[in-house]
Amino acid sequence: MKKYFISVALLSIFISCRKEISLDFPPVPEKLVVEGSIESRFPPYVILTRNQGYFETIDSSTYNNLFVSDAQIMVFKLDGNETIDSIELSQQFDTIPIYTNLGCPEGFSQEGYRYNLQIKWNDELITSTTTIPYSIPLDSIWI
């Protein structure tokens, strides 16, 4: 039985089929990738990059062309449906274009308010909405 199993295993190795498969993916249209955060008592920030195809090559110019530094970004603070404050985010650092407002008013980012993000780039308008939820204090920790 053991010899039969070994001979079948060896036979399957030598007779197995192999076929090369090539996949042709269509070109990926350029899109904006938005990564951002707004937390209580901290200024909001946004990092904008371009998307890249999964199988595209990566070289030294990829990093330089990845980040977007020519967008206009606004953050609106809302109470219900009424805008009560707004700030403009601008590029603050040279190495990675992080959009933020270091002079953000102290009470801008608060729990319980809704925030609208508005990005203008390449004649497109991209919007997003979020809320900073109320924090829940820990009453105990179990290990």
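The following paragraphs examine the structure supplied in this document. As the structure is a computational prediction, the values presented were derived from the model and not from experiment. (Residues numbered from 1 in each chain as written. Predicted model: local features only at pLDDT ≥ 70, side-chain atom pairs only at ≥ 80, totals over all residues. Heavy atoms only, no water.)

## Here's the deal with the environment of Leu 125
Consideration 1: Mapping Leu 125 onto the fold places it in strand β7 (residues 124-131).
Consideration 2: Judged by its relative accessible area of 52%, Leu 125 falls in the exposed class.
Consideration 3: Those residues in contact with Leu 125 that sit more than four places away from it in its chain are Gln 118, Ile 119 and Lys 120. (Helix = DSSP H or I, 4+ residues; strand = E, 2+ residues; numbered from the N terminus. Buried < 20%, exposed > 50% of the residue type's maximum accessible area, 1.4 Å probe, protein only. Contact = heavy atoms within 4.5 Å.)

## Describing the side chain of Asn 101
Consideration 1: Following the sequence through the fold, Asn 101 ends up in the loop between β5 (98-100) and β6 (114-121).
Consideration 2: A polar contact is formed between the side chain of Asn 101 and the backbone oxygen of Glu 88, at a distance of 3.0 Å.
Consideration 3: Polar side-chain contacts of Asn 101 include one of 3.0 Å to the backbone nitrogen of Gly 103.
Consideration 4: Leave out the neighbours within four places in its chain, and Asn 101 touches Pro 43, Pro 44, Ile 87, Glu 88 and Leu 89. (Polar contact = N/O pair within 3.5 Å; in protein donor to acceptor, adjacent residues only side chain to side chain.)

## Re the pattern of salt bridges
Consideration 1: Scanning the model with the defined rule gives one salt bridge in all.
Consideration 2: Two residues, Arg 50 and Glu 30, come together in a salt bridge whose shortest N-O distance is 3.1 Å. Of the two residues, Arg 50 sits in strand β2 (residues 45-50) while Glu 30 sits in the loop between α1 (2-15) and β1 (32-37), which places them 20 residues apart along the sequence.
Consideration 3: Glu 30 gets classed as partly exposed once you look at its relative accessible area, which sits at 49%. (Salt bridge = Lys/Arg side-chain N within 4 Å of Asp/Glu carboxyl O.)

## Quick notes on unusual backbone geometry
Consideration 1: One non-glycine residue, Asn 122, adopts positive backbone phi at about 50°.
Consideration 2: Assignment of secondary structure puts Asn 122 in the loop between β6 and β7.

## Looking at the nonpolar core
Soluble, globular proteins show a tendency: their nonpolar side chains are buried together.
Consideration 1: Grouped together as the largest cluster of nonpolar side chains are 18 residues, with contacts concentrated most on Leu 48, Ala 71, Ile 73 and Ile 119.
Consideration 2: Counting residues per element, this core draws most heavily on β6, at four residues.
Consideration 3: Not counting the four nearest positions on each side in its chain, Ala 71 is found in contact with Leu 48, Tyr 99, Ile 119, Lys 120 and Trp 121. (Core = buried A, V, L, I, M, F, W, Y, C linked by side-chain atoms within 4.5 Å.)

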